[in-house]
Amino acid sequence: MIRLPMEDVVRRTPRARLVRIDPRHPDVPSDLGERALSVPLGADRLLDRLES
């Protein structure tokens, strides 16, 4: 599981950012504020949208 360790990295590293790409569980912790971005899509759909 990568979710919790990466959230902890962002908490400990002031310049770190978190981008969560997950269609079923896109929530990001509120304590990360603007340093976290939730993308409620699968990676394939996100890439398709970025390409168009």
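Attention here is on the structure that accompanies the text. (Residues numbered from 1 in each chain as written. Predicted model: local features only at pLDDT ≥ 70, side-chain atom pairs only at ≥ 80, totals over all residues. Heavy atoms only, no water.)

### Description of the nonpolar core
Reasoning step 1: Formed by Val10, Ala16, Leu18, Leu32 and Ala36, the largest nonpolar core amounts to 5 residues.
Reasoning step 2: With residues up to four places along the chain from it excluded, the contact list for Ala16 reads Val9, Val10 and Arg35. (Core = buried A, V, L, I, M, F, W, Y, C linked by side-chain atoms within 4.5 Å. Buried < 20%, exposed > 50% of the residue type's maximum accessible area, 1.4 Å probe, protein only. Contact = heavy atoms within 4.5 Å.)

### As for the side chain of Arg20
Reasoning step 1: Along the polypeptide, Arg20 turns up in strand β1 (residues 18–21).
Reasoning step 2: Polar side-chain contacts of Arg20 include one of 2.6 Å to the backbone oxygen of Asp27.
Reasoning step 3: Those residues in contact with Arg20 that sit more than four places away from it in its chain are Arg3, Glu7, His25, Pro26, Asp27, Val28, Pro29, Leu37, Ser38 and Val39. (Helix = DSSP H or I, 4+ residues; strand = E, 2+ residues; numbered from the N terminus. Polar contact = N/O pair within 3.5 Å; in protein donor to acceptor, adjacent residues only side chain to side chain.)

### What about the pattern of salt bridges?
Reasoning step 1: For the structure on display, the rule yields 4 salt bridges.
Reasoning step 2: For the salt bridge of Glu7 with Arg20, the shortest nitrogen-to-oxygen distance reads 3.0 Å. You can see Glu7 sitting in helix α1 (residues 3–12) and its partner Arg20 sitting in strand β1, a full 13 residues away along the chain. For the pair shown, Glu7 and Arg20 are each scored as buried.
Reasoning step 3: Of the charged contacts in the structure, one is a salt bridge between Arg11 and Asp31, with a shortest N-O distance of 2.7 Å. Here the residue Arg11 occupies a position in helix α1, and Asp31 occupies one in the loop between β1 and β2 (36–39), the gap between them amounting to 20 residues.
Reasoning step 4: Residue Asp31 is classed as exposed on the basis of its relative accessible area of 51%.
Reasoning step 5: Linked through salt bridges whose partners overlap, the residues forming this network are Asp8, Arg11 and Asp31. (Salt bridge = Lys/Arg side-chain N within 4 Å of Asp/Glu carboxyl O.)

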